[in-house]
Amino acid sequence: TTGKPDIAREKSGELYEKAKKYFPGGVNSPVRAFKSVHGTPLFIEKGDGCFLWDADGNKFIDFCCSWGPLILGHNNAKIREKVTEVMQNGMSFGAPTALENELAELILSNNKLIQKIRFVSSGTEAVMSAIRLARGYTKRDKILKFEGCYHGHVDSLLVKAGSGLVTFGETSSAGVPKSFADETIVVSLNDRKAVEEAFEQFKDQIAAIIIEGVPANNGLLIQDKEFVHFLRDVSAKNNSLLIFDEVITGFRLGFEGAARYYDVKPDIITYGKIIGGGLPVGAYGASVEIMSSISPEGPVYQAGTLSGNPVAMAAGIAQLTELAKSGFYKDLNKKAEEFTDSIRRFTTAKNYKFKVFNIGSIFWFAFSEKDIKTAEEIDPASMEKFKIFHRELLNRGIYLGPSGYEVGFISAAHSKIELEKTKRAIFDSLDIVFRT
Ligand code: PMP
C-alpha cells in the first residue's frame, strides 16, 4: 500500500484565509480548526445521508456527524420536511407553543429516569443550568468532576476538561477566576479512593458529582458498572446529587442513554445534540421535586429568548420519532459492533498497537494496546500516528473529527456498503501508519 495523493483543498484554503480575518483562528468553535492534523480545515458545502461534500467537491463518508447530533445522517428527509412545515408559521415567538409539549411528551413517555424537563439551546447551557440547579437545591457550592470529562464551556467546569482543550494541550481555560475553579474538585476517573477522600475533605460542601454518561471527549473512557454505581451510592450517602451529562450519550445509546445502560438513576440528566436533530437544543431533566426549584416555580433562575424554539423543537420531534421506533437502536448498535469487530480482527492479525473502543454507535481509535479508562492513560505521543491516519483516511474519502482525542459516530444512514469501503480505507491507512 502506498500513501494516496492529498485531496484538493484550494477552495477550502481560500475560505479559511478569509475566515481568519473574521474569526479567531478562522473558526467559530476551536475543535473545527485542523490544528493537530494535516492541512487546513475543510469547508463543507453539503451533507446527505452518511456523505459530506466540501468546497473543492471532495466527497467523504462522514463519521463526525456534526459531533454527534446526526444519528439519522445528514439532511434527513423527515426532519427537513417537518422543519420546513413548521417554519411556514414563523421562527420564534418568545411564548409557549404546542411543539414544546410534543417533544417533552416524546421524551418523558419513553424515559423513566426523569419526570420534568427544561429546554435550552445548547449542551453548555444545559450543564450550566444543571449545576446551578444542583447548587440551589442542595444549598452547597462545590462540584466534583473527573479529569478529561468535558461539559461544555461552563466556567467552573473548564478545569482539566477534554475536547478541544486536550487537543491543544491546555486542559484548563484562561479567564476562569481562581475562586470559581476553587469550587471544582477534579479527580481521576475510575478512582474510588480519590472520590471518597474528596467527600471527607469537603464534608457537606459538595453539591454534586458530574460525569459524562460515558466519557467521550478525551478518547472514549468506558467506565466499569461498579464505579458508576459507587458514584451513585457515595453521592446519595453524602446528600449530594449525581448529574449525568448525557449530551453525547443521551438518545445515542438508547432512549434512556447511559443511565439505562449502567442501570443507575442519576438525580439530574443533561441532554443536547441528538434531541435537536441538528438544530440548537439542549435540555436538563430531573424528578418533579428537584425541578420545582427552577424558576418560575422555585428560586433557581434560568431563562432563554430562544428556549424551546419551534423550529428546533420540530427537528427534535422528527428525529426522536424515528428513534422511538422499535428496533432502531438494536439495528444501529449491531451495525457498529460488526464494524468495530472486524477492525479489531484486522489489527490483531497484523499485531498493530491499535485498539478500537466502542459502546453503542460511538467508537474511538487509540494507537495503544492498553485498556484505557482514564485521561492520564492516553499517551500524547500516539497522536502523531493519528495525524498520519487522519490524512490517509481523508485522502481515501473518509472524514473523522480532526483530533485523535475525539470519538466517531455511526448513523442509521451508514449502509453496509459504505462501512465496507470505510474498513478497507482504514486497513490501508493503518498499513501506512505502521510502516512509517
Ligand atoms: N457535555 C458534553 C458531554 C459534550 O460532549 C458537549 C459538547 N461536545 C457539551 C456538554 C457541550 O455542548 P454544546 O457544544 O452544545 O454546548
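Within each chain, residues carry numbers counting from 1 in the order of the written sequence. Since the coordinates come from a predicted model, pLDDT governs what is reported: local features require at least 70, and pairs of side-chain atoms require 80 or more to be given and counted, while whole-chain, interface and lining totals use all residues.

Things to note about the environment of Ile268
Counted only if it meets this: Counting from the N terminus, the helices are DSSP H or I runs at least four residues long and the strands are E runs at least two residues long. Here a residue counts as buried when 20 or more other C-beta atoms fall within 10 Å of its C-beta, as exposed when 12 or fewer do, and as partly exposed in between; the C-beta atoms come from the backbone. In this description, any two residues whose backbone-derived C-beta atoms lie within 7 Å of each other are considered to be in contact.
Its location among the elements puts Ile268 in strand β9 (residues 268-271). On the neighbour-count criterion, Ile268 (26 C-beta atoms within 10 Å) is buried. A C-alpha to C-alpha distance of 16 Å links Ile268 and Leu157, two positions 111 residues apart in sequence. Contacts of Ile268, omitting those with residues within four sequence positions, involve Ala130, Leu133, Ala134, Leu241, Ile243, Tyr284, Ala286 and Ile290.

Considering the UniProt feature "modified residue: N6-(pyridoxal phosphate)lysine" (unreviewed entry) in the protein chain
Stated formally: UniProt positions are given in the numbering used here, feature names are shortened, and annotations may be inferred rather than shown by experiment.
UniProt tags Lys273 as "modified residue: N6-(pyridoxal phosphate)lysine" (unreviewed entry). According to the C-beta neighbour criterion, Lys273 is buried, with 27 such atoms within 10 Å. The contact partners of Lys273, leaving out residues within four places of it in the chain, are Gly68, Pro69, Gly123, Val247 and Ile248.

Here we look at the sheet that holds strand β1 (residues 44-48)
Where we set the bar: Strand pairing is defined by DSSP finding a minimum of two bridges between the two strands.
Strand order in the open sheet formed by four strands is β1-β2-β3-β13, with mixed pairing between adjacent strands. Looking at which strands have only one partner, the edges of the open sheet turn out to be β1 and β13 (398-399).

Regarding the site of the ligand
Stated formally: Working rule for contacts: place C-beta from the backbone, and if it is within 6 Å of a molecule or strand, that residue counts as near it. Gly falls in the polar group here, along with every residue not listed as nonpolar (Ala, Val, Leu, Ile, Met, Phe, Trp, Tyr, Cys, Pro) or charged (Asp, Glu, Lys, Arg).
Inspection of the region around the ligand gives 16 residues, with Ser122, Gly123, Thr124, Gly152 and Val247 positioned closest. Of the residues that constitute the shell around the ligand, the class distribution is five nonpolar, nine polar and two charged.

Concerning the packing of helix α2 (residues 77-87) against helix α11 (residues 310-323)
In helix packing, the relevant descriptors are the interaxial angle and the interaxial distance, both defined with respect to the helix axes. Put simply, the rule reads: Throughout, an axis means a line fitted to C-alpha atoms (over the contacting stretch in the case of helices), and angles, computed between N-to-C directions, take values from 0 to 180 degrees. Convention used here: angles under 35 degrees read as roughly parallel, angles over 145 as roughly antiparallel, angles from 65 to 115 as roughly perpendicular, and any remaining angle as oblique. In this scheme, a crossing is called left-handed if the near helix is turned counterclockwise away from the far one by less than a right angle; it is called right-handed if the turn is clockwise.
Axis separation between α2 and α11 bottoms out at 8 Å; the angle between their running directions is 150°. If you check the angle between α2 and α11, you find them roughly antiparallel. Here α2 and α11 pass one another in a crossing that is right-handed. Residues Lys78, Ile79, Lys82, Val83, Val86 and Met87 of α2 form the contact with α11, whose own contacting residues are Pro310, Val311, Ala314, Ala315, Ile317, Ala318, Gln319 and Glu322. Classifying every residue of the contact of α2 with α11 by side-chain character gives ten nonpolar, one polar and three charged.

Remarks on the packing of helix α13 (residues 383-395) against helix α14 (residues 416-435)
For the pair α13 and α14, interaxial distance at closest approach is 9 Å and the crossing angle is 140°. In this view, α13 runs oblique relative to α14, as classed from their interaxial angle. As α13 packs across α14, the resulting crossing turns out to be right-handed. Contacts from Lys385, Ile388, Phe389, Glu392 and Leu393 in α13 reach Ala425, Ser429, Ile432 and Val433 in α14.

With respect to unusual backbone geometry
Residue Pro296 is reached from Ser295 by a cis peptide bond, and omega for that bond is 10°. By the secondary structure assignment, Pro296 is in the loop between α10 (288-291) and α11. Backbone geometry at Lys273 places phi at a positive 40°, although glycine is not the residue there. Considering the arrangement of structural elements, one finds Lys273 in the loop between β9 and β10 (282-286).

Structural notes on the domain arrangement of the protein chain
We count it as follows: Domain start and end points were adopted from an automatic or database domain assignment.
The domain architecture assigned to the protein chain consists of domain 1 (10-63 + 327-435) and domain 2 (77-323). Relative placement of domain 1 and domain 2: their C-alpha centres are 26 Å apart. The interface is formed by 22 residues belonging to domain 1 together with 24 residues belonging to domain 2. Mapped onto the side of domain 1 that touches domain 2, the elements with two or more residues apiece are α12 (328-350), β11 (355-359) and β12 (362-366). With three residues, the single largest contributor to the side of domain 1 that touches domain 2 is β12.

Re the nonpolar core
Short version of the rule: By definition, a nonpolar core groups buried Ala, Val, Leu, Ile, Met, Phe, Trp, Tyr and Cys residues that connect through C-beta atoms lying within 7 Å of each other.
The biggest cluster of nonpolar side chains holds 120 residues, and the ones touching the most others in it are Ala130, Ala134, Ala208, Leu220, Ile243 and Ile268. When residues in this core are grouped by element, the largest group, nine residues, is from α11. Both domain 1 (10-63 + 327-435) and domain 2 (77-323) contribute no fewer than three residues apiece to this core. Setting aside residues no more than four positions away along its own chain, Ile243 makes contact with Ala130, Ala134, Ala208, Ile209, Ile210, Pro266, Asp267, Ile268 and Thr270.

Quick word on α14
Our working rule: Residue count minus one, scaled by 1.5 Å, sets the expected span of a helix. The arc in question is the one spanned by the directions pointing from the helix axis to the C-beta atoms.
Between its first and last C-alpha, α14 extends 29 Å over 20 residues, near the 28 Å set by a 1.5 Å rise per residue. Listed in full, the buried residues belonging to α14 are Thr422, Ile426, Ser429, Leu430 and Val433. Summarising the axial view, the buried residues of α14 lie within an arc of 105°, below the 170-degree limit, and thus occupy one face. Structural note: α14 exposes Ile417, Glu420, Arg424 and Arg435 on the side pointing more than 90 degrees away from its buried face. Elements that come into contact with the buried residues of α14 comprise β3 (59-62), α12, α13 and β13.

Considering the pairing of strand β2 (residues 51-54)
Only one face of β2 is buried, namely the one carrying Leu52 and Asp54, since none of Phe51 and Trp53 on the opposite face is buried. The turn linking β1 back onto β2 is made up of two residues, and Gly49 within it adopts a positive phi angle of 60°. Alignment of β2 against β3, held across three bridges, turns out to be antiparallel. Each bridged residue has a counterpart across the sheet, and for Phe51 the counterpart in β3 is Ile61. Hairpin connection, β2 to β3: the antiparallel pair is bridged by four residues, and Gly57 has positive phi, about 85°.

With respect to the environment of Tyr137
Relative to the elements of secondary structure, Tyr137 occurs in helix α4 (residues 123-138). Sequence separation between Tyr137 and Thr249 is 112 residues; the distance between their C-alpha atoms is 25 Å.

Considering the pairing of β11
Looking at chain direction, β11 and β12 are connected through five bridges and run antiparallel. The partner of Ile359 across the bridge, within β12, is Ile362. Joining the antiparallel neighbours β11 and β12 is a turn of two residues, in which Gly360 adopts a positive phi near 55°.

As for the environment of Pro41
In this structure, Pro41 sits in the loop between α1 (10-22) and β1. Between the alpha carbons of Pro41 and Ile243 there is a distance of 35 Å; along the sequence they are 202 residues apart. Those residues within four positions of Pro41 in sequence are excluded, and the remaining contacts are Ser12, Tyr16, Val27, Arg32, Ala33 and Phe34.

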